[in-house]
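# Summary of structural features
If you want the building blocks of each chain, they are given just below.
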Amino acid sequence: MRTIDMSGKTALVLGVANQRSLAWAISESLGEAGCRLAFTYQGERLQENVTRLAAKYPDAPIMACDVTSDEQMDGVFQRLDREWGRLDFMVHSIAFARRADLEGEFRKTSRDGWHTALDISAYSLVALSHRAAKLMEKTGGSILAMSFVASQRVFPNYNVMGSAKAALEHAVRQLAWELGPRGIRVNCISAGPVSTLSARGISGFTGMYTHARKHSPLQRNIEPREVGDTALFLCSDLGSGITGTIIYVDAGYHVMGM
Ligand code: NAD
């Protein structure tokens, strides 16, 4: 039972692929607190999964949104404007890099691979925030993105996704400054490793997962629920003084030197 009451609030969640998605854990925390939810899916392949999961929230709009398409991004916010006329929260839980760019030598990253990873994983936050801000202006809002500590430190095989996360975290700060005067907060959760569809695409992910468990101050991996609950706190009024911040939900791993 959540003690934060989000009834009357609305949230757009981008990035649910399946039940293991961090976006789904965030949806569960926001939904249990009474928040109305809207979901997007990337491509027909994931439509069925998202529709099945979102059936728990019967009046939730479910929309196609591949973030490489400006038209699909526009379509999402046009529909939310029609159905809700406002938006309180947006959760950006999207990342992609080609498999070949998540293993081997970083210096061999192709121009196209670089563009793809940074376009989908970082530029999309900028483009979506621009659109979301128009629906958040009346009452203020909160935007959340998802990062990993490889934005600042070296993780073998994380390669171009580390560059994308560094860009994403910068975008969070820049957007926080720009949207702050409109009452819109922009923050980022930097999560410890969780076994999701995307994570399993990183070569050596299991080693990363085990290393985090052994070397974190809490001596364990995180639960997706902990990411969800931090998102709930950040979106709620309890987080009203926080913007432009990267909050680590990683069992403390980021403080370690060895
Ligand atoms: P996931 O595979 O469940 O979610 C990734 C999502 O990105 C999917 O829903 C996928 O459809 C979406 N996506 C990819 N390309 C897209 C595109 N072109 N248009 C729209 N959507 C697209 O994996 P996840 O681990 O839940 O990842 C969510 C976020 O959390 C990502 O930003 C990821 O980098 C971040 N993160 C994950 C971990 C982890 O260990 N799992 C740790 C830290 C941060």
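Preceding this section is the structure that the text describes.
Presented here is a report on the structure given in the accompanying data block.

Rules behind the numbers
Residues numbered from 1 in each chain as written. Predicted model: local features only at pLDDT ≥ 70, side-chain atom pairs only at ≥ 80, totals over all residues. Heavy atoms only, no water. Helix = DSSP H or I, 4+ residues; strand = E, 2+ residues; numbered from the N terminus. Core = buried A, V, L, I, M, F, W, Y, C linked by side-chain atoms within 4.5 Å. Buried < 20%, exposed > 50% of the residue type's maximum accessible area, 1.4 Å probe, protein only. Contact = heavy atoms within 4.5 Å. Polar contact = N/O pair within 3.5 Å; in protein donor to acceptor, adjacent residues only side chain to side chain. Near = heavy atom within 4 Å. Areas by Shrake-Rupley, 256 points an atom, 1.4 Å probe, with all protein chains shown as cover. Nonpolar A, V, L, I, M, F, W, Y, C, P; charged D, E, K, R; others polar.

Here Glu-223 is to be found in the loop between helix H6 (205–215) and helix H7 (224–235). Taking the C-alpha atoms as reference, Glu-223 lies 9.3 Å from Ala-25; in sequence the two are 198 residues apart.

Counting residues in each nonpolar core, the largest one holds 38 residues, and the members touching the most others are Met-6, Val-16, Leu-30, Phe-39, Ile-189 and Val-227. Within the second largest apolar cluster, 35 residues are counted, among which are Leu-80, Leu-125, Leu-128 and Ala-171.

Assignment of secondary structure puts Tyr-248 in strand E7 (residues 246–249). With relative accessibility at 24%, the residue Tyr-248 sits in the partly exposed group. A sequence separation of 100 residues divides Tyr-248 from Phe-148, and the C-alpha atoms of the two residues are 8.6 Å apart. Ignoring sequence-local partners within four residues, the contact set of Tyr-248 consists of Val-149, Gln-152, Ser-190 and His-254. Here the side chain of Tyr-248 touches Gln-152 through a polar contact of 3.2 Å, side chain to side chain.

This paragraph deals with the site of the ligand. Around the ligand lies a shell of 27 residues, among which Ser-21, Lys-165, Val-194, Thr-196 and Ser-198 are the nearest. At a separation of 2.8 Å, an oxygen atom of the ligand approaches a polar side-chain atom of Lys-165. The fraction of the free accessible surface of the ligand (820 Å²) that becomes covered by protein chains is 94%. Tallied by class, the residues present in the shell around the ligand amount to 17 nonpolar, eight polar and two charged.

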